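Given next are the chains, with one letter for each unit.
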Amino acid sequence: MTASVRPAAVEVVRAGALTTVQDEGRAGLAHLGVGRAGALDAPAAALANRLAGNPAAAAVLETTATGCAVRPDRAVRAVVGGAPCRVTVDGRPVAWGAAVHVPAGAVLDAGPAAHGLRSYLAFAGGVAAEPVLGSRSADLLSGLGPAPLRDGDVLPLGPPPQAGAPSVDAVPWPGAPGPLVLPVHFGPRHTWFTSEALVTLTTGAYRVGVQSNRIGLRTEGPPLERVRTGELPSEGMVLGAVQVPPDGRPVVFLNDHPTTGGYPVVGVVPEPALAAAAQAVAGTVVRFVRAGR
């Protein structure tokens, strides 16, 4: 009888400011009060997986600002992508944005982001954390999925892709974003705001606020004046909703957003435009533009 082979695993040596397990998220469960979660910079996570030889849906590690370091117990093919950073294996510089070989017991360190905010670590076979409601993603608002990583945590990896599986060594990565430009479709509650407020939204000088996180990108800038007072009964919220709290400063909902809310939504940012928001550090200039114009 053949003994079962224990799956490979990585130990978290340095968890960093905030490192979570993320995949493509839990789409289609908002009617049950379950948010989507998933990698904020989905194209970067998918590209890292492609370089590692994984399907796009494989789970990766998403770091925030300060990176992280891990030690595999077996040799593994790994990729660090997303926000550019210094990458080392046992202190030796290796490539960012390309597949690298990490020997068993060596420390793969993704350093602080040089540009942008969130880096992605993909491993051949993907991170095999226990799925919850069909996804391995951590949702910081609901607490679903794996908890944010801590030093000493051990994460299992899935079986590596079969020999001969399609893979690539390097591909072009997008350049670092400049000002964050977010197209917005007005509605459903834009009539709650003055016409001047709508002009302010699409012409005003906004910046990414320091309290931004995976739940929402908070802005600093001119407040939007309302023509209607009072609050709404709670209604459904979607990814990219631009909600306006009592201080009048727009908040763009990201992947861990609540599924309901009572503050009016002045507009919605289309999902493809949100990847850049994942890499926008505090102080980044934000411009809202009317979608379709």
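In case you missed it, the structure is sitting above this.
Everything numeric here is computed off the predicted structure, so don't read it as measured data. (Residues numbered from 1 in each chain as written. Predicted model: local features only at pLDDT ≥ 70, side-chain atom pairs only at ≥ 80, totals over all residues. Heavy atoms only, no water.)

Participant: Before we go on, may I ask you to explain the pattern of salt bridges in this structure?
Facilitator: If you walk through the whole model with that rule in mind, you get eight salt bridges. For Arg71, the salt bridge identified is with Glu11, shortest N-O distance 3.2 Å. One end of the pair, Arg71, is in strand β4 (residues 68-72); the other, Glu11, is in strand β1 (residues 9-14), and 60 residues separate them in sequence. Judged by its relative accessible area of 31%, Glu11 is partly exposed. One salt bridge in this structure joins Arg214 and Asp256, with 3.0 Å as the shortest N-O distance. Separated by 42 residues along the polypeptide, Arg214 in the loop between β13 (206-208) and β14 (216-220) and Asp256 in the loop between β17 (251-253) and β18 (260-261) bring together distant segments of the chain. (Salt bridge = Lys/Arg side-chain N within 4 Å of Asp/Glu carboxyl O. Helix = DSSP H or I, 4+ residues; strand = E, 2+ residues; numbered from the N terminus. Buried < 20%, exposed > 50% of the residue type's maximum accessible area, 1.4 Å probe, protein only.)

Participant: Sorry if this is basic, but what is going on with the sheet that holds strand β16 (residues 241-243) here?
Facilitator: Ordered by their spatial adjacency, seven strands build a closed barrel running β12-β19-β16-β17-β14-β13-β20, and the pairing between neighbours is mixed. Averaged over all pairs of adjacent strands, the angle between their axes in this sheet comes to 40°, without regard to strand direction. Inspection of the sheet shows strand β12 (residues 180-186) paired to strand β19 (residues 265-268) by two bridges, in the antiparallel sense. Bridge pairing in β19 links Phe186 to Gly267. (Pairing = 2+ DSSP bridges. Axes fitted to C-alpha atoms, helices over the stretch in contact; angles between N-to-C directions.)

Participant: Would you take a moment to explain helix α1 (residues 42-52) for this structure?
Facilitator: Turning to α1, its buried residues are Ala44, Ala45, Leu47, Ala48, Asn49, Leu51 and Ala52. Each element contacted by the buried residues of α1 is listed here: β3 (60-62), β5 (76-82), β8 (99-102) and β10 (119-123). (Contact = heavy atoms within 4.5 Å.)

Participant: What is the right way to look at the environment of Ala52 in this model?
Facilitator: Its place among the elements puts Ala52 in helix α1. Along the sequence, Ala52 and Val285 sit 233 residues apart, while their C-alpha atoms lie 33 Å from each other. Discounting chain neighbours no more than four positions away, the residues touching Ala52 are Arg77, Val79, Ala122, Phe123, Ala124 and Pro161.

Participant: Where do I start with the pairing of strand β9 (residues 108-113) in this structure?
Facilitator: Each regular strand shows side chains that alternate between the opposite faces of the sheet. Judged from the three bridges that link them, β4 and β9 form a sheet pairing that is antiparallel. Looking across to β9, one finds that Ala69 is bridged to Asp109. In terms of strand pairing, strand β6 (residues 85-89) meets β9 through four bridges, oriented antiparallel. Note that in β9 the partner of Val87 across the bridge is Ala110.

Participant: Where do I start with helix α2 (residues 195-203) in this structure?
Facilitator: Side chains of residues three or four places apart in an α-helix project in the same direction, reflecting 3.6 residues per turn. Taken together, the buried positions of α2 are occupied by Ala197, Leu198 and Leu201. Looking down the long axis of α2, one finds its buried residues gathered within 100° of arc, a one-sided arrangement. Exposed side of α2, more than 90 degrees from the buried face: Ser195, Glu196, Val199 and Thr203 are the residues found there. (Arc of directions from axis to C-beta.)

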